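# Examining the three-dimensional arrangement
Okay, here's what each chain looks like letter by letter:
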Number of protein chains: 2
Amino acid sequence: MTAHTGARTSTSIGNRGETVASPAIDTASVTALLERGRTLATPVLRAAVARLAPPMDTVAAYHFGWIDADGKPSAGDGGKAVRPALALLSAEVAGAAPAVGVPGAVAVELVHNFSLLHDDLMDGDEQRRHRDTVWKVHGPAQAILVGDALFALANEILLELGTVDAGRATRRLTLATRKLIDGQAQDISYEHRERVTVEECLEMEGNKTGALLACAVSIGAVLGGADDHTADILEKYGYHLGLAFQAVDDLLGIWGDPEATGKQTWSDLRQRKKSLPVVAALAAGGPASERLAEILAADAKKSETEIADFTEEEFASRAALIEEAGGREWTSEEARRQHATAIAALDEIDMPERVRAQLVALADFVVVRER
Amino acid sequence: MTAHTGARTSTSIGNRGETVASPAIDTASVTALLERGRTLATPVLRAAVARLAPPMDTVAAYHFGWIDADGKPSAGDGGKAVRPALALLSAEVAGAAPAVGVPGAVAVELVHNFSLLHDDLMDGDEQRRHRDTVWKVHGPAQAILVGDALFALANEILLELGTVDAGRATRRLTLATRKLIDGQAQDISYEHRERVTVEECLEMEGNKTGALLACAVSIGAVLGGADDHTADILEKYGYHLGLAFQAVDDLLGIWGDPEATGKQTWSDLRQRKKSLPVVAALAAGGPASERLAEILAADAKKSETEIADFTEEEFASRAALIEEAGGREWTSEEARRQHATAIAALDEIDMPERVRAQLVALADFVVVRER
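Let me begin by describing the structure that accompanies this report. For every chain, the first residue of its written sequence is number 1, and the numbers climb from 1 along that sequence. Chain letters start at A and ligand numbers start at 1, both assigned in the order the entries are written. Local features in a predicted model are, by the rule used here, given only for residues with pLDDT of at least 70; side-chain atom pairs are given and counted only at 80 or more, and totals for whole chains, interfaces and linings are based on all residues. Note: side-chain values were computed over all heavy atoms of the structure, leaving out hydrogens and water.

Take the overall build of chain A next. Helix and strand content of chain A: 17 helices and four strands. The C-alpha extent of chain A, read off along each of the three principal axes, is 60 × 50 × 30 Å. Considering chain A as a whole, with its 371 residues, one finds that 57% of them fall into the buried category. Taking contacts inside chain A between residues at least 6 apart in sequence as the whole, the part at least 24 apart equals 73%. Carbon and sulfur atoms provide 52% of the accessible area of chain A, an area that totals close to 14600 Å². In chain A, which carries 38 positive and 56 negative side-chain charges, the distance between the mean positions of the two groups comes to 1 Å. Helix numbering and strand numbering both begin at the N terminus, where a helix is a DSSP run of H or I of at least 4 residues and a strand a DSSP run of E of at least 2. Only protein chains enter the calculation, and the probe is 1.4 Å; a residue is then buried if its accessible area is under 20% of its type maximum, exposed if over 50%, and partly exposed in between. Any two residues whose heavy atoms approach within 4.5 Å at even a single point are treated as in contact. Every accessible area reported is derived by Shrake-Rupley at a probe size of 1.4 Å, with residue values counting cover from the shown protein chains alone. Note on charges: Lys and Arg go in the positive column, Asp and Glu in the negative column, and His and the chain ends are not counted at all. Here the site of a charge means atom NZ of a Lys, CZ of an Arg, CG of an Asp or CD of a Glu.

Right, let's get into unusual backbone geometry. Residue and element names in this part refer to chain A. Following Pro54, the chain continues into Pro55 via a peptide bond in cis, with omega recorded as 0°. Counting through the fold element by element, Pro55 comes out in the loop between helix 1 (27-49) and helix 2 (56-63). The backbone of Ala81 sits at a positive phi, close to 60°, despite the residue not being glycine. For Ala81, the position within the fold is in the loop between helix 2 and helix 3 (82-93). We classify Ala81 as buried; its relative accessible area is 10%. Positive phi outside glycine occurs at Arg129, with the angle close to 50°.

Looking now at the nonpolar core. Residues grouped as a nonpolar core are buried Ala, Val, Leu, Ile, Met, Phe, Trp, Tyr and Cys residues, joined through side-chain atoms within 4.5 Å. Judged by nonpolar contacts, the single largest core of 175 residues is most densely connected at Leu150 and Tyr237 of chain A together with Leu150 and Tyr237 of chain B. Among the elements that make up this core, the one with the highest residue count is helix 6 (residues 140-159) of chain B (13 residues).

Another point: the relation of the copies chain B and chain A. Copies overlap after least-squares fitting; the atoms used are the C-alpha atoms of residues with pLDDT of at least 70 in both. Rotating chain B by 180° about the axis while translating it 0.1 Å along that axis superimposes it on chain A, leaving an RMSD of 0.1 Å. The transformation relating the two chain copies, once decomposed into turn and shift, fits a two-fold axis. Mapped onto chain A, 100% of the interface residues of chain B again fall at the interface, so both copies present the same surface.

This part covers the interface of chain B and chain A. Each side of the interface is counted separately: chain B has 32 residues, and chain A has 32 residues. By buried area we mean the combined loss of accessible area, with a 1.4 Å probe, across both parts when two parts are placed together. Carbon and sulfur atoms supply 74% of the area buried between chain B and chain A, which totals about 2900 Å² over both sides. A per-residue breakdown of the area chain B buries against chain A is headed by Leu145, Leu159 and Arg178 of chain B, which together make up 19% of the total. Counted as salt bridges are all cases of a side-chain nitrogen of Lys or Arg within 4 Å of a carboxyl oxygen of Asp or Glu. Scanning the region where chain B abuts chain A turns up two salt bridges. A salt bridge links Arg178 of chain B to Glu156 of chain A; the shortest N-O distance between them is 2.6 Å. Polar contacts, as used here, are pairs of N or O atoms within 3.5 Å; protein pairs need one atom able to donate a hydrogen and one able to accept it. Residues neighboring in sequence count only if both atoms are side-chain atoms. At the boundary of chain B with chain A, the tally comes to four residue pairs in polar contact (both at pLDDT 80 or more). Of all the secondary structure elements, the ones that give two or more residues to the side of chain B that touches chain A are helix 4 (102-123), helix 6 and helix 7 (164-191) of chain B. Sorting elements by how many residues they give to the side of chain B that touches chain A places helix 7 of chain B first, with 12 residues. Three classes are used: nonpolar for Ala, Val, Leu, Ile, Met, Phe, Trp, Tyr, Cys and Pro, charged for Asp, Glu, Lys and Arg, and polar for all others, with Gly counted as polar. Residue composition of the side of chain B that touches chain A, by class: 19 nonpolar, six polar and seven charged.

This brings us to the environment of Arg129 of chain B. By the secondary structure assignment, Arg129 of chain B is in the loop between strand 3 (127-128) and strand 4 (131-132). Excluding its chain neighbours within four sequence positions, the residues that come into contact with Arg129 of chain B are His63, Phe64, Asn113 and Leu116 of chain B.

Turning our eyes to something else, we now look at the pattern of salt bridges. If the charged atoms of two oppositely charged side chains come close together, the side chains can form a pair. For the structure on display, the rule yields 58 salt bridges over all chains. Put simply, Arg172 of chain A and Glu235 of chain A hold a salt bridge, and the shortest N to O gap is 3.1 Å. Separated by 63 residues along the polypeptide, Arg172 of chain A in helix 7 (residues 164-191) and Glu235 of chain A in helix 9 (residues 228-255) bring together distant segments of the chain. The class for Arg172 of chain A is buried, based on a relative accessible area of 14%. Here Arg51 of chain B and Glu160 of chain B are joined by a salt bridge, their closest N and O atoms 2.7 Å apart. Placement of Arg51 of chain B in the loop between helix 1 (27-49) and helix 2 (56-63) and of Glu160 of chain B in the loop between helix 6 and helix 7 is noted, with a sequence separation of 109 residues between them. Here Arg51 of chain B falls in the partly exposed class, since its relative accessible area comes to 35%. Residue Glu160 of chain B is classed as partly exposed on the basis of its relative accessible area, which comes to 31%.

In this structure, Ala335 of chain B sits in helix 16 (residues 327-345). The contact partners of Ala335 of chain B, leaving out residues within four places of it in the chain, are Ala244, Ala247 and Val248 of chain B.

For the rest of this paragraph, the subject is the packing of helix 7 of chain A against helix 8 (residues 198-223) of chain A. Residue and element names in this part refer to chain A. Following both chains from N to C, one finds helix 7 and helix 8 inclined at 165°, their axes separated by 8 Å at the closest point. In this view, helix 7 runs roughly antiparallel relative to helix 8, as classed from their interaxial angle. The two elements helix 7 and helix 8 cross, and the hand of that crossing is left-handed. The convention used is that axes are lines fitted to C-alpha atoms, helices contributing only their stretch in contact, and that angles between N-to-C directions extend from 0 to 180 degrees. Relative orientations are named as follows: roughly parallel for angles under 35 degrees, roughly antiparallel for angles over 145 degrees, roughly perpendicular for angles from 65 to 115 degrees, and oblique for any other angle. Here a crossing is taken to be left-handed if its near helix is turned anticlockwise relative to the far helix by less than a right angle, and right-handed if that turn runs clockwise.

Time to look at the packing of aromatic side chains. For Phe, Tyr and Trp, rings pair up if their centres lie within 6.5 Å, where Trp contributes its six-membered ring, and each pair is then called stacked (planes under 30 degrees apart), edge-to-face (over 60) or tilted (otherwise). Overall, the coordinates contain seven aromatic pairs over all chains when judged by the stated rule. Consider the rings of Phe64 of chain A and Trp66 of chain A, whose centres lie 4.7 Å apart with planes at 10°: the pair is stacked. Taken as a pair, Phe64 of chain A and Trp66 of chain A share a single burial class, namely buried. Plain terms: the ring middles of Phe114 of chain B and Phe151 of chain B are 4.6 Å apart, the flat faces sit at 20° to each other, and that makes the pair stacked. Of this pair, Phe114 of chain B sits in helix 4 while Phe151 of chain B sits in helix 6, and the two are 37 residues apart along the sequence. Across the pair, exposure class does not vary: Phe114 of chain B and Phe151 of chain B are buried alike. Each residue in the set Phe114 and Phe151 of chain A together with Phe114 and Phe151 of chain B is aromatic and connected to the rest through ring pairs, giving one cluster.

Take the side chain of Glu92 of chain A next. All names here are of chain A. Structurally, Glu92 is set in helix 3. Since its relative accessible area comes to 9%, Glu92 is described here as buried. Here the side chain of Glu92 touches Arg354 through a polar contact of 2.8 Å, side chain to side chain. Setting aside chain neighbours within four positions, we find Glu92 in contact with Arg36, Pro98, Pro352, Arg354, Val355 and Gln358.

All names here are of chain B. Helix 6 packs onto helix 2 with a crossing angle of 90° between their chain directions and a minimal axis gap of 10 Å. Judged by the inter-axis angle, helix 2 sits roughly perpendicular to helix 6. Between helix 2 and helix 6, the contacting residues are Met56, Val59 and Ala60 on the first element and Gln142, Leu145, Val146, Ala149 and Leu150 on the second. Looking at the contact of helix 2 with helix 6 residue by residue, the classes come out as seven nonpolar, one polar and no charged.

All names here are of chain A. Take the residue count of a helix, subtract one, and multiply by 1.5 Å to get its expected span. Relative to the 18 Å expected for 13 residues at 1.5 Å per residue, helix 15 (residues 312-324) spans 18 Å between its end C-alpha atoms, a close match to the ideal helical length. Taken together, the buried positions of helix 15 are occupied by Phe315, Arg318, Ala319, Leu321, Ile322 and Glu323. Remark: Gly326 follows helix 15 within two positions and exhibits a positive phi of approximately 100°.

A word on the environment of Leu116 of chain A. Examined against the element boundaries, Leu116 of chain A turns out to sit in helix 4 (residues 102-123). The exposure class of Leu116 of chain A is buried, given its relative accessible area of 8%.

Following this line, the structure appears as structure tokens:
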């Protein structure tokens, strides 16, 4: 950890009950940052989505959780809103007002949701945020179409600013989107492979999660006139933050509390996901690793129904083997390594001390979250 | 027709064998323009597609006809290449070299092919350009993914130019893409409706065909520094040219020569498409129109297999009713009206006389083509 973070408290992602050194985050400050992102970005996001022609506006509103399947207004979950919070802070890095980052925050959210719509269809996922996915409710064609429309809308929102910086921001968003697509392509191809290396898994997660988080952290600064060096360093922070975020997600995907995550127990094991703890455990060698490899190879030949019919104990025994082989500990450490690399990057550029502290607080939050 | 076009020769799209006044186009000049578009744009398009990570590069190369399903190099059809030819001429409107329009030509082709990949999947179309469609050969996920990647690539190609004009061009392309998506949404919703008005059909065709052709005609000029008024007028020409193009397509979709079009006889009738001749015939009233409405209402209740089993005579009798009700003549006239509106728009702006003559020649070509 770096000089920016102070005392450490325990977190739930540690291995075998050990206390993991983790940041003592200023919860009030993080909550305020997330709330600010939500408050400033959501009305602009809603206005953007309202530009879509029927029925795409309704389908998108359903996806965002603003209405239910019958079209009735719904409170919606809204998610953690880490990306909008980062985009607004990003503008402040460049000395601009947080509001300067709003079109960037909205564009990043639009791209993120474009990818969710398409990925859920490609992956055949029927549930997201406790609700049926768009393709399940409105059909595959609407999932494709509305995804496409959100992607176009992201560019539209930025480019109508009409500035050179808006063009630069859109280019960075476009490159991030291409990485997002690369990551999904890798994810799909890995599904059919027996073995995935840790490096391949990290590359895929960097593309699927790191690239867009990186863009969220640079886009506000670019819109605020920051130079490319500043933007690149901010993306470095965001990329590693994304990898830390994903490592925690992978831990929660196996050992997360269903009450907190809203997912089923052993969620990623049910989906036979080759997530970091699994690939790290398989790469570790030793008796537990070899036993795990045998079991997963046998699982790979089973049908989805057979896997779904597993008892809690069957999943728990697989999770225990992953842990015994060191997959849980390695992933916890990886989250800490990525978190440290992210925060260290911030030293490479000048920014107001308050903004730096808030970026650190958000990074800490990402690593200690339980959902 | 306008003063820009000279003598008229007959064309195949006329009604009941009458000779339709049509432009005497300079075939050599049009062929040279199309060839120039292909020659300048194709290598840049191939280089752009080569940026895609495997297996998306291969899937895209298959889609473009550069390789066959086994990965072997293929001559490919390449299509008519009207859009690249227009994008290059567009740069010349602004007094720039044709090469200035190349990134625009490539970006428009990428967006066009993104929409083909997604539309074929949404529509369940198994064949395009005499070959199995991407979703049929490589699966739905690859069709979605590679479509997304081509869309992102279009923005990337333009925005890496790094100029204000590149941002303006990308914004126009984005707006055209949104219309393309609106058009596909309309097309899907009309499929489930018994009746579609002529106005709705024209709006849908304007979105699906007009908007991107309009963008092809403005994008080179914008990249060459043309002001927004010039770009708007060029888009007006392109939009109406697109509607003329589509009207001809709709005629060829029913009465086209399979040898020339490469499609089956009565292609659009086999697909029960509510194309312009059909909606115009249904809107016309009178005995033939009413008889047609009865027959199509009965057809709507039949299965796809039942329709596929129709004899040539059954299709021919429907085509004859459409013609008797005036659908063929109305659509021919509509093509001429749109062609005339397109060419008249060119009078609203200054441009080199040679460029104007070539834009007129391309418009003429679009209306008299037989495939």
